[in-house]
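Examining the three-dimensional arrangement
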Amino acid sequence: NSGYHLDDKTITLHIRHVFEQETVMMYHRRVQAMEKKQHRLQQWEKIATMQLSLIGSDGLGTHYHVKHMEAMDIDIIGDWYSREKVETSLSDKLE
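A brief report on the enclosed structure follows. Values in this document were obtained by computation on a predicted structure and should not be read as measured data.

Rules used in this analysis
Positions within a chain are numbered from 1, following the residues in the order the chain's sequence is written. Local features in a predicted model are, by the rule used here, given only for residues with pLDDT of at least 70; side-chain atom pairs are given and counted only at 80 or more, and totals for whole chains, interfaces and linings are based on all residues. The basis for every side-chain value is the complete set of non-hydrogen atoms in the structure, without hydrogens or water. Only buried Ala, Val, Leu, Ile, Met, Phe, Trp, Tyr and Cys residues count toward a nonpolar core, and they belong to the same one when joined by side-chain atoms within 4.5 Å. Per-residue accessibility, obtained with a 1.4 Å probe over protein chains only, is compared with the maximum for each type, and a residue is labelled buried under 20%, exposed over 50%, and partly exposed between these values. Here a helix means four or more residues in a row that DSSP labels H or I, a strand means two or more in a row labelled E, and each is numbered from the N terminus. By the convention used here, residues are in contact when the closest approach between their heavy atoms is within 4.5 Å. Polar contacts, as used here, are pairs of N or O atoms within 3.5 Å; protein pairs need one atom able to donate a hydrogen and one able to accept it. Residues neighboring in sequence count only if both atoms are side-chain atoms. Any two strands between which DSSP finds at least two bridges are classified as paired. Each axis is a line fitted through C-alpha atoms, taken for helices only over the stretch in contact, and angles between the N-to-C directions span 0 to 180 degrees.

Attention now goes to the nonpolar core. Counting 18 residues, the largest nonpolar core has Ile-11, Leu-13, Met-26, Met-50 and Leu-52 as the members making the most contacts within it. For this core, the elements supplying multiple residues, two or more each, are β2 (10–16), β3 (21–27), β5 (47–54), β6 (62–70) and α2 (71–94). Per-element accounting of this core gives the leading share, 5 residues, to α2.

Below, the discussion takes up the environment of Ile-74. Within the secondary structure, Ile-74 is located in helix α2. Judged by its relative accessible area of 1%, Ile-74 is buried. Separated by 39 residues in sequence, Ile-74 and Glu-35 have C-alpha atoms that sit 9.1 Å apart. For Ile-74, the residues in contact, after removing those within four places along its chain, are Met-34, Lys-36, Ala-48, Thr-49, Met-50 and Met-69.

The next point concerns the side chain of Thr-10. Locating Thr-10 in the fold gives a position in strand β2. Only 2.8 Å separates the side chain of Thr-10 from the side chain of Asp-7, close enough to count as a polar contact.

Let's shift gears to the sheet that holds β3. The strand order β1-β2-β3 describes an open sheet built from 3 strands, whose pairing is antiparallel. The two strands at the open ends of the sheet, each matched to only one other strand, are β1 (3–6) and β3. Within the sheet, the average angular offset between the axes of one strand and its neighbour, ignoring direction, is 10 degrees. Alignment of β1 against β2, held across 4 bridges, turns out to be antiparallel. Among the inter-strand pairings, Gly-3 is bridged to a residue of β2, identified as His-14.

On to the environment of Thr-12. If you trace the backbone, Thr-12 turns up in strand β2. Sequence spacing of Thr-12 and Met-26 is 14 residues, and the spatial spacing of their C-alpha atoms is 6.3 Å. For Thr-12, the residues in contact, after removing those within four places along its chain, are Gly-3, Tyr-4, His-5, Thr-23, Val-24 and Met-25.

Once that is clear, we can look at the pairing of β5. Buried residues dominate β5, accounting for 8 of its 8 residues. Every second residue of β5 is oriented toward a common face, with Ile-47, Thr-49, Gln-51 and Ser-53 on one face and Ala-48, Met-50, Leu-52 and Leu-54 on the other, all of them buried. Sheet analysis places β5 next to β6, joined by 7 bridges and oriented antiparallel. Within β6, the position partnered with Leu-54 by the bridge is Thr-62.

By themselves, these observations are geometric and do not establish any function.
Put into structure tokens, the structure is as follows:
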């Protein structure tokens, strides 16, 4: 099963592939974009596919896809991602 863990600055994803499982830890400041996709059949099952895009040190990005996650979990991750981005932009304006 795929899963995740959130804290203030990082997200850890457990991504299951056919014969292996991958664990990826990402810092919030490195996440460039987050996308949720949901097919009609996935809507009925209340699941979705999430894509996170990271900024690479060489300027190239890396994309991680997590298929068949609970749609509500992806919404929680989206709130974590957007809340931190809003707080960062507000603190930049105050300085």
